[in-house]
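# Fold and geometry: a report
Below, each chain spelled out in residue letters.
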Amino acid sequence: MENRIVIIKLGGSVITFKDKPLSANYKAINNISKVLSKLETPLIIVHGGGSYGHYWSVKWDMHTKPQKYNPHGISIVHSSMLTLNNIIIDKLYKHGLNTYGISPFSFLIKGKPNSNKILELKKMTEHNIIPVTYGDAVYIKNNKYSILSGDVLMTILSKILNPSKIIFALNVDGLYNNMRDKKIIKEIKFENDETPKKKPTKINLTNNVNIYDVTGGIKRKVEEASKIAETGKDVIFINGLDSTQIQKAAQDKNFKGTIFKGKIYR
Ligand code: IP8
């Protein structure tokens, strides 16, 4: 059954200045907090690493592949994500939102999603709590860790929680048809099918922005949005630096952005 939950990913390039290490974009976080405080739906927030997690992941050569990374690296990446999470939950809290920061490590067992734990997030939203989780360096198994992207978390949470709205707030207006005239692709539709496929449909991204990022930038977002759309749910890409777009997307109003239409199975 579909929930009323709206799940929003705040991209690292929205909430931080990606080219300036350890710098939060307080103005953007503030604007987003104002908009979110006006929504009346239950919310779950996921945020990216931006110039916090990615900065240290690059320095300590850490990636999405599970490996025995340097413990100093693991510690500093995680600590920087705690700092960023704290900045965000603090701002949201000051705008009247009952935020509750959660490390994604608590959703995983041996690196795999734990559905029972994830379903508890729904229970939390029923009591007016807003879980705020994030991409992080997470323990997998056998002393191996990996960088788990907030984009991957969006897929994990969406599949288990079945929210009513899935929104990615980026620092661009959506997916462009090409970088020359930067026209936004309004809708991406997958061919309707009879059976769900194991592998998501590939979208050609040669004309789109490619931000340097240890978790794969826009390419990763498109991959995750496609995986979610394959399960039948719509996914929306909007510009989070224009916070009114978040409001419009969450309230079913005419937003500027790209919608990945959820696949219909006959
Ligand atoms: O920015 C990555 O999360 P993302 C988090 O959502 C770290 O891909 C620690 C780099």
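Scope of this entry: the structure provided in the associated data block. As the structure is a computational prediction, the values presented were derived from the model and not from experiment.

Read from one edge of the open sheet, 8 strands run β3-β6-β2-β1-β9-β11-β12-β10, paired in mixed fashion. Each having just a single partner strand, β3 (99-101) and β10 (187-188) make up the two edges of the open sheet. Pairing of β3 with strand β6 (residues 130-134) involves 3 bridges; the strand directions are parallel. What sits directly across from Thr 99, in β6, is Ile 130. Sheet contacts for helix α7 (residues 217-230): β1 (6-10), β9 (165-170), β11 (235-239) and β12 (257-260); angle to β11, the most-contacted strand, approximately 150°. Together, β1, β9 and β11 form the strand contacts of helix α8 (residues 243-250), whose direction differs from that of β9 by roughly 170°.

A regular strand carries its side chains on alternate faces of the sheet. Most of β1 is tucked away, with 5 of its 5 residues classed as buried. Because side chains alternate across β1, one face comprises the buried residues Val 6, Ile 8 and Leu 10, and the other comprises Ile 7 and Lys 9, equally buried. Where β1 meets strand β2 (residues 43-47), 5 bridges bridge the pair, whose relative direction is parallel. Following the sheet pairing, Val 6 is matched in β2 by Leu 43.

Below, the discussion takes up the environment of Leu 82. With respect to the secondary-structure elements, Leu 82 resides in helix α4 (residues 71-94). Sequence separation between Leu 82 and Asp 136 is 54 residues, and the spatial gap between their C-alpha atoms is 8.9 Å.

The next thing to look at is the side chain of Thr 16. Note that Thr 16 resides in the loop between α1 (12-15) and α2 (26-38). A polar contact is formed between the side chain of Thr 16 and the backbone oxygen of Gly 12, at a distance of 2.7 Å. In terms of polar contacts, Thr 16 uses its side chain to reach the backbone amide nitrogen of Ser 51, at 3.0 Å.

Time to look at the packing of aromatic side chains. Ring pairs (aromatic) are described by centroid distance and by the angle formed between their planes. Counted by the stated rule, this structure contains 4 aromatic pairs. Taken together, a centroid distance of 5.2 Å and an interplanar angle of 70° make the contact between Tyr 139 and Tyr 145 edge-to-face. You can call Tyr 139 partly exposed: its relative accessible area is 30%. Feature note: the residues Phe 168, Phe 237 and Phe 260 constitute an aromatic cluster, connected by ring pairs.

A few words now on the site of the ligand. Of all residues adjacent to the ligand, which total 15 residues, the nearest are Gly 49, His 54, Ser 149, Gly 150 and Thr 215. One of the side-chain N or O atoms of Lys 9 is found 2.9 Å from an oxygen atom in the ligand. A distance of 2.7 Å is found between an oxygen atom of the ligand and a side-chain nitrogen or oxygen belonging to Ser 149. Against a free-state accessible area of 320 Å², the protein chains account for coverage of 98% of the ligand. Residue assignment for the shell around the ligand shows that the elements contributing at least two residues are α3 (50-59), α4 and α6 (150-161). With 3 residues, the top contributor of residues to the shell around the ligand is α3. When its residues are assigned to classes, the shell around the ligand shows 3 nonpolar, 9 polar and 3 charged.

The next thing to look at is the packing of α2 against α8. Running from N to C, α2 and α8 point in directions that differ by 25°, and their axes come no closer than 8 Å. Relative to α8, the element α2 lies roughly parallel. Our pair here, α2 against α8, has a crossing hand that is right-handed. Contact residues: α2 offers Asn 31, Ile 32, Val 35, Leu 36 and Lys 38, while α8 offers Ser 243, Thr 244, Ile 246 and Gln 247. Split by residue class, the contact of α2 with α8 holds 4 nonpolar, 4 polar and 1 charged.

Calculation criteria
- Residues numbered from 1 in each chain as written.
- Predicted model: local features only at pLDDT ≥ 70, side-chain atom pairs only at ≥ 80, totals over all residues.
- Heavy atoms only, no water.
- Pairing = 2+ DSSP bridges.
- Helix = DSSP H or I, 4+ residues; strand = E, 2+ residues; numbered from the N terminus.
- Contact = heavy atoms within 4.5 Å.
- Axes fitted to C-alpha atoms, helices over the stretch in contact; angles between N-to-C directions.
- Buried < 20%, exposed > 50% of the residue type's maximum accessible area, 1.4 Å probe, protein only.
- Polar contact = N/O pair within 3.5 Å; in protein donor to acceptor, adjacent residues only side chain to side chain.
- Phe/Tyr/Trp six-rings, centres within 6.5 Å; stacked < 30°, edge-to-face > 60°.
- Near = heavy atom within 4 Å.
- Areas by Shrake-Rupley, 256 points an atom, 1.4 Å probe, with all protein chains shown as cover.
- Nonpolar A, V, L, I, M, F, W, Y, C, P; charged D, E, K, R; others polar.
- Parallel < 35°, antiparallel > 145°, perpendicular 65-115°, else oblique.
- Left-handed = near helix turned anticlockwise from the far one by under 90°.

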